[in-house]
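# Notes for the structure review
Chain by chain, the residues run as shown.
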Amino acid sequence: KNEVEQSPQNLTAQEGEFITINCSYSVGISALHWLQQHPGGGIVSLFMLSSGKKKHGRLIATINIQEKHSSLHITASHPRDSAVYICAATTGNQFYFGTGTSLTVIP
Amino acid sequence: DGGITQSPKYLFRKEGQNVTLSCEQNLNHDAMYWYRQDPGQGLRLIYYSQIVNDFQKGDIAEGYSVSREKKESFPLTVTSAQKNPTAFYLCASSAGTLSYNEQFFGPGTRLTVL
């Protein structure tokens with residue numbers, strides 16, 4: 001069993017749609033990270049949060065510590081948002097990565 | 001510009017050969033990491049280093065070796081003992097190894113064994 005589970009695995013949306021990607025974890029964490037991996041392979045850190053909610057542009061990340069659940073929302077989605085989104089939970093110096101959600105936004 | 005560089009982007013190796021992947025950072029970060037990514041799986045930690053001249057095995061260290069002679073460099077050698085080395089390799093660094101430190105990733109090296 002993976003310590004971090006993401007859903008859905010694959011997601012296709014029309015441009016402009018509101019998108020939600022979910023992450024559930026089974027370990028006690030000190031922080032939860034959302035990463036974005038573009039087709040070329042490079043990874044960019046989007047958010048790091050340990051409680052509540054963070055917003056950056058059209059991206060919003062939330063976390064519910066009691067339910068061990070985090071969501072990444074994308075408002076007004078755009079084709080350039082097409083990427084793999086990875087959730088990672090950290091405990092001390094240990095990182096647990098989800099398998100990623102592949103998002104395709106169609107014009 | 002500060003960042004992490006990995007070279008080469010694509011690497012081909014014959015079976016039985018050792019190969020070294022380069023990772024350099026100019027972010028003045030103490031901690032550096034090597035991950036392996038396979039299709040359908042999450043990133044898996046190979047080795048990490050918290051400080052110069054010190055490194056620790058991750059979850060899948062067998063068949064790999066590293067060195068940390070300089071703060072900015074953390075090369076990974078894939079040895080012939082690694083049974084299935086074809087994968088995408090990512091290097092990362094962070095200011096420290098505590099969980100609230102953001103990790104910065106390099107562009108990756110795709111290794112293919114022929």
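Parameters and conventions
- Residues numbered from 1 in each chain as written.
- Chains lettered and ligands numbered in written order.
- Predicted model: local features only at pLDDT ≥ 70, side-chain atom pairs only at ≥ 80, totals over all residues.
- Heavy atoms only, no water.
- Core = buried A, V, L, I, M, F, W, Y, C linked by side-chain atoms within 4.5 Å.
- Buried < 20%, exposed > 50% of the residue type's maximum accessible area, 1.4 Å probe, protein only.
- Helix = DSSP H or I, 4+ residues; strand = E, 2+ residues; numbered from the N terminus.
- Contact = heavy atoms within 4.5 Å.
- Salt bridge = Lys/Arg side-chain N within 4 Å of Asp/Glu carboxyl O.
- Pairing = 2+ DSSP bridges.
- Axes fitted to C-alpha atoms, helices over the stretch in contact; angles between N-to-C directions.
- Disulfide = S-S within 2.5 Å.
- Polar contact = N/O pair within 3.5 Å; in protein donor to acceptor, adjacent residues only side chain to side chain.

### A few points about the nonpolar core
Ranked by internal contacts, the top residues of the largest apolar core, which has 22 residues, are Ile19, Leu32, Trp34, Phe47, Leu49, Leu72 and Tyr85 of chain A. Contributions of two or more residues to this core are made by strand E3 (19-25), strand E4 (31-37), strand E5 (43-49), strand E7 (59-64), strand E8 (69-74), strand E9 (83-91) and strand E11 (101-106) of chain A. For leucine 72 of chain A, the residues in contact, after removing those within four places along its chain, are Ile19, Thr20, Ile21, Trp34, Leu46, Phe47, Ile60, Ala61 and Tyr85 of chain A. In this structure, Ile4, Tyr47, Leu76 and Leu111 of chain B belong to the second largest nonpolar core, which totals 20 residues.

### Things to note about the pattern of salt bridges
Counting across every chain of the model gives 4 salt bridges over all chains. Put simply, arginine 58 of chain A and aspartate 81 of chain A hold a salt bridge, and the shortest N to O gap is 2.9 Å. On the criterion of sequence distance, the pair formed by arginine 58 of chain A in the loop between strand E6 (52-56) and E7 and aspartate 81 of chain A in the loop between E8 and E9 is long-range, its members being 23 residues apart. Arginine 58 of chain A gets classed as partly exposed once you look at its relative accessible area, which sits at 24%. Put simply, arginine 36 of chain B and aspartate 38 of chain B hold a salt bridge, and the shortest N to O gap is 2.8 Å. Taken individually, arginine 36 of chain B and aspartate 38 of chain B each receive the classification buried, so the pair is uniform in this respect. Salt bridges here are not isolated pairs; linked through shared partners, they connect Arg36, Asp38 and Arg44 of chain B.

### Some words on the sheet that holds strand E8 (residues 76-78) of chain B
Residues and elements named next belong to chain B. Read from one edge to the other, the open sheet built from 4 strands follows the order E1-E3-E8-E7, with strand pairing classed as antiparallel. Of all strands in the sheet, those with a lone pairing partner are strand E1 (4-7) and strand E7 (64-66), marking the two edges. The average undirected angle you get between the axes of adjacent strands in this sheet is 20°. Sheet analysis places E7 next to E8, joined by 3 bridges and oriented antiparallel. Counterpart to valine 66 in the pairing with E8 is leucine 76.

### Brief notes about the state of the cysteines
In this structure the tally under the stated criterion is 2 disulfides over all chains. A sulfur-sulfur separation of 1.9 Å characterises the disulfide bridge that pairs cysteine 23 of chain A with cysteine 87 of chain A. Taking the torsion about the S-S bond as the criterion, the cysteine 23 of chain A to cysteine 87 of chain A disulfide, at about -60°, is left-handed. Remark: cysteine 87 of chain A occurs in strand E9 and cysteine 23 of chain A occurs in strand E3; sequence separation between them is 64 residues. Overall, cysteine 23 of chain A belongs to the buried group, its relative accessible area being 0%. Each sulfur in the disulfide pair cysteine 23 of chain B and cysteine 91 of chain B lies 1.8 Å from the other. Across the S-S bond of cysteine 23 of chain B and cysteine 91 of chain B the torsion is about -70°, and the bridge reads as left-handed. Of the two residues, cysteine 23 of chain B sits in strand E3 (residues 19-25) while cysteine 91 of chain B sits in strand E9 (residues 87-94), which places them 68 residues apart along the sequence.

### Structural notes on the sheet that holds E3 of chain A
All names here are of chain A. A sheet is described by the order of its strands in space; here 5 strands give the open sequence E1-E3-E8-E7-E6, paired in antiparallel fashion. Every interior strand has two partners, whereas the edge strands, strand E1 (4-7) and E6, have only one. Each strand of the sheet is rotated relative to its neighbour by a mean of 15°, with strand direction disregarded.

### Some points on the environment of tyrosine 25 of chain A
Residues and elements named next belong to chain A. Residue position: tyrosine 25 is located in strand E3. Exposure remark for tyrosine 25: the relative accessible area of 6% places this residue in the buried category. Considering only alpha carbons, one finds tyrosine 25 and serine 70, 45 residues apart in sequence, at a separation of 8.5 Å. Setting aside residues up to four positions removed in sequence, tyrosine 25 forms contacts with Glu3, Val4, Leu32, Ile63, Asn64, Ile65, Lys68, His69 and Ala89.

### Comments concerning the environment of arginine 13 of chain B
All names here are of chain B. Relative to the helices and strands, arginine 13 resides in strand E2 (residues 10-13). The exposure class assigned to arginine 13 is buried, which follows from its relative accessible area of 3%. It is 15 Å that separates the C-alpha atoms of arginine 13 and tyrosine 64, two residues lying 51 residues apart in sequence. The residues touching arginine 13, leaving out its near neighbours within four places in the chain, are Asn18, Val19, Val78, Thr79, Ser80, Gln82, Pro85, Leu111, Thr112, Val113 and Leu114. Within polar-contact distance, the side chain of arginine 13 engages the backbone oxygen of glutamine 17 at 2.9 Å.

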